[in-house]
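Here are the chains, one letter per residue:
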Amino acid sequence: MESIAHPLVSIISEKLIKPSSPTCPTKRWHKLSLIDQAFSNSYIPFSLFYTKDAISKNNTQISQLLEESLSKILSIYYPYAGRLKDNTTVDCNDAGAEFVQVRIDCLISETLNWHNTAIEDLLFPQGLPWSNCTTGGLVVVQLTYFNCGGIAISMCISHKIGDGCSGYNLFRDWSEITSDPNNFSIPSLHYVEQSVFPPPSSGPFLSPLFMSNKHDCVQRRYIFSNEKLLNLKNTVAAESEVQNPTRTEVVSALIFKCAVRAAKARSGIFQPSSMVQAVDLRAQVGLPPNAIGNLLTICPTSITNNEESMTISKLVSEMRKSKELVYKRDNINDNMFVALLLELAKSKQEYHDNGPNAYQITSLVKFALHEIDFGWGKPTKVSIANGLNNKLAILMGNQSGGLDAFVTLTEHDMSVFERDTELLEFASIVPSC
């Protein structure tokens, strides 16, 4: 695989795709919530791979179809076609989304069964994923052509306007209007803006608090088959009072445990650690799934005892207790994440990660990224770019009914983590090159 480590990339075109209809003047200014203001304009980066055998159109037809449908969907998701005025407001000026076409000198097959970050990094504009960008478009799309005729469609979606749910809705709706424009049902989006989390009484955040930190980030992809997930869930149910553990819970606990064990191998001592998970608040606060904004809180699970007591079953039990406490809270007026942000603002600190021994595990399992169909079938592979921070795991469903985990750690910790026998009992690592 050394021959494809650094394939040549040629840019075919770069353009701005403007909304198909102008945004109403009364919607010109999109006001950002307290949580929106706390995030930098980092880009959530997804890429979808489609093989040639599913595509009946030539490259010109593909690009024209995608550009036209993107223009249409931006008229609905109009803030994403705007530009940041400052840290509190989006100018919905219809400047447009960036659309880049490139050709990469390799075969798509060289990416499907390998986790080749050298290639997958090229599926996005250089340096853009997870970057703390202050200028440019709030949506950046790259259409990549492989030598074999396969393609990858990558989308970088600003975290400033919305969370992963918001980004998924945009990606999904774009695919649906592309595949069947005549029967596409225009969604009635709910732009939350400052109605749920208004700026603090002391004034808005004039600069972001939550910044990505891409230093020393090594990513690996792990596949949990449906059979292995069932075995892991059965083990947890037999050893704990949690009788219906979810696949997100058991995989999160396993990854957390193994990551803490890898850190211990580096430092030589067990260090109290925590796992921080984001919780979508839409259902709890009475908002529809297509509400656009950063609508979340955090759910921490801490381990302060020694490693021997950190069994997967106990971790799942602690996670379940933490989630129950979160759901009992008034997460509008007593939001744990908001409280943390206000404290950071007061102390004038930035939130580069979750703490020295805190691991962020984000589940996108309920978002069917592996089913996004632009009219040439479901993607053969879904990926997410490396970065954000080096104590991170992102979980996604896959085509076989299992689960993919994209784990990012420091190079040293990853060298230990990827050889963990307990992890490999339930997960298969995708070979890296």
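Under an unreviewed UniProt entry, the chain has the name Acyltransferase and belongs to Solanum commersonii.

Q: Any chance you could explain the packing of helix α6 (residues 226-239) against helix α7 (residues 247-267) here in plain terms?
A: Helix packing geometry: the angle between the two helix axes and the distance between the axes. It is at 9 Å that the axes of α6 and α7 come closest, and there the two elements cross at 85°. When the axes of α6 and α7 are compared, the pair comes out roughly perpendicular. Judged by residue contacts, Leu229, Leu232, Lys233 and Val236 of α6 engage Arg247, Val250, Val251 and Leu254 from α7.

Q: Would you explain the side chain of Ser317 in this entry?
A: Mapped onto the elements, Ser317 comes out in helix α8 (residues 312-328). Every residue in contact with Ser317, bar those within four places of it in the chain, is listed here: Ser240, Glu241 and Val242.

Q: Please clarify how the nonpolar core should be interpreted in this entry.
A: Looking at soluble globular proteins, one finds that nonpolar side chains tend to be buried together. Core analysis: the largest hydrophobic core is formed by 81 residues, its most contacted members being Ile153, Trp174 and Phe374. Ranked by the residues each element gives to this core, the list is headed by helix α5 (residues 164-179), at six residues. In contact with Ile153, other than residues within four places in its own chain, are Phe46, Ser47, Leu48, Tyr50, Leu66, Gln142, Leu143, Phe171, Trp174, Phe374 and Trp376.

Q: Can you walk me through the sheet that holds strand β14 (residues 358-363) in this structure?
A: Hydrogen bonds between backbone groups are what pair the strands of a sheet, and the pairing can be parallel or antiparallel. With mixed pairing, seven strands are arranged side by side in an open sheet as β13-β11-β14-β16-β17-β10-β18. Strand pairing shows two members of the sheet lacking a second neighbour, β13 (296-303) and β18 (428-429), which therefore form its edges. Sitting on the sheet, α7 is in contact with β10 (218-224), β11 (273-280), β13, β14, β16 (391-397) and β17 (403-409), with an inclination near 155° to β14. Sheet strands touched by α8: β11 and β13. Its angle to β13, the strand with the most contacts, is close to 145°.

Q: Got a minute to help me understand the pairing of strand β15 (residues 381-384) in this structure?
A: The side chains of a regular strand alternate between both faces of the sheet. Here β15 shows no split at all, with Lys381 and Ser383 on one side and Val382 and Ile384 on the other all buried. Both strand β3 (residues 43-50) and β15 contribute to a ladder of four bridges, which runs antiparallel. When the sheet's bridge partners are listed, Ser47 is paired in β15 with Ser383.

Q: I'm lost on the state of the cysteines in this one. Help?
A: Here, disulfide denotes a covalent bond that connects the sulfur atoms of two cysteines. This model, assessed by the stated rule, comprises zero disulfides. Here Cys92 stays free of any disulfide, with the sulfur of Cys24 as its closest cysteine sulfur at 11 Å. Among the residues examined, Cys92 registers a relative accessible area of 3% and is labelled buried. For the unlinked cysteine Cys148, the closest cysteine sulfur is that of Cys106, found at 8.0 Å.

Q: Help me understand the packing of helix α2 (residues 59-74) against α5, please; the structure alone is not making it clear to me.
A: For the pair α2 and α5, the least separation of the axes is 9 Å and the interaxial angle reads 120°. With respect to each other, α2 and α5 are oriented oblique. The element α2 and its partner α5 pack so that their crossing is right-handed. Together, Leu65, Leu66, Ser69, Leu70, Lys72 and Ile73 of α2 and Leu170, Asp173, Trp174, Ile177 and Thr178 of α5 make up the contact between the two elements. Looking at the contact of α2 with α5 residue by residue, the class counts come to seven nonpolar, two polar and two charged.

Q: I would appreciate a short explanation of the pattern of salt bridges in the present structure.
A: Where charged atoms of side chains with opposite charge meet at close range, the side chains can pair. Here the structure, examined in full by the defined rule, presents 17 salt bridges. As a salt-bridge pair, Asp420 and Arg261 come within 2.9 Å of each other at their nearest N and O atoms. Residue Asp420 is located in the loop between α10 (411-417) and α11 (421-426), and its partner Arg261 is located in helix α7; the two are separated by 159 residues in the primary sequence. Judged by its relative accessible area of 10%, Asp420 falls in the buried class.

Q: Mind showing me how you'd approach the packing of aromatic side chains here?
A: For the structure on display, the rule yields 13 aromatic pairs. Relative to Trp174, the ring of Phe171 has its centre 6.1 Å away and its plane inclined at 20°; by these criteria the two rings are stacked. Note that Phe171 and Trp174 are positioned in helix α5 at a spacing of three residues, about one turn of the helix. One exposure class covers both Phe171 and Trp174, and it is buried. Grouped by ring-pair contacts, the aromatic residues Tyr50, Phe171, Trp174, Phe374 and Trp376 constitute a single cluster.

Q: Looking at this structure, how should I read the sheet that holds β15?
A: In spatial order, the strands read β1-β6-β7-β8-β3-β15; together these six strands make up an open sheet with mixed pairing. The outermost strands of the open sheet, each flanked by one partner alone, are β1 (9-17) and β15. On average, adjacent strands in this sheet sit at an angle of 15° to one another, irrespective of strand direction. Both β3 and strand β8 (residues 151-158) contribute to a ladder of eight bridges, which runs antiparallel. Of the residues in β8, the one forming a bridge with Ser47 is Ser154. Across the face of the sheet, α5 comes into contact with β3, β7 (139-146) and β8 while running at roughly 140° to β8.

So, how was this worked out
Note that residues are indexed from 1 along each chain, following the sequence as it is written. pLDDT decides what is reported in this predicted model: residues at 70 or higher carry local features, side-chain atom pairs at 80 or more are listed and counted, and totals for whole chains, interfaces and linings draw on all residues regardless. Water and hydrogen atoms play no part in the side-chain values, which are based on all heavy atoms of the structure. Between the N-to-C directions of two axes lies an angle of 0 to 180 degrees, each axis being a line fitted to C-alpha atoms and, for a helix, fitted only over the stretch in contact. Put simply, DSSP marks the helices as runs of H or I at least four residues long and the strands as runs of E at least two long, and each gets a number from the N terminus on. In these notes the angle categories are as follows: under 35 degrees is roughly parallel, over 145 is roughly antiparallel, 65 to 115 is roughly perpendicular, and the rest is oblique. By definition in these notes, contact holds between two residues if any of their heavy atoms fall within 4.5 Å. Nine residue types can take part in a nonpolar core, namely buried Ala, Val, Leu, Ile, Met, Phe, Trp, Tyr and Cys, and a core is a set of them joined through side-chain atoms within 4.5 Å. Buried means the residue's accessible area, taken with a 1.4 Å probe over protein chains only, is under 20% of the maximum for its type, while exposed means over 50%, and partly exposed covers the values in between. In this scheme, strands are said to pair when DSSP sees at least two bridges between them. By definition, disulfides here are pairs of cysteine sulfur atoms that lie within 2.5 Å. For any helix crossing, the convention is left-handed if the near helix is rotated counterclockwise from the far helix by under a right angle, and right-handed if that rotation is clockwise. Residue polarity is assigned by list, with Asp, Glu, Lys and Arg as charged and Ala, Val, Leu, Ile, Met, Phe, Trp, Tyr, Cys and Pro as nonpolar; anything else, Gly included, falls into the polar class. Each salt bridge in this description consists of a side-chain nitrogen of Lys or Arg and a carboxyl oxygen of Asp or Glu lying within 4 Å of one another. Under the pairing criterion, centres of Phe, Tyr and Trp rings, with the six-membered ring standing for Trp, must be within 6.5 Å; the plane angle then separates stacked pairs below 30 degrees from edge-to-face pairs above 60, leaving the rest tilted.

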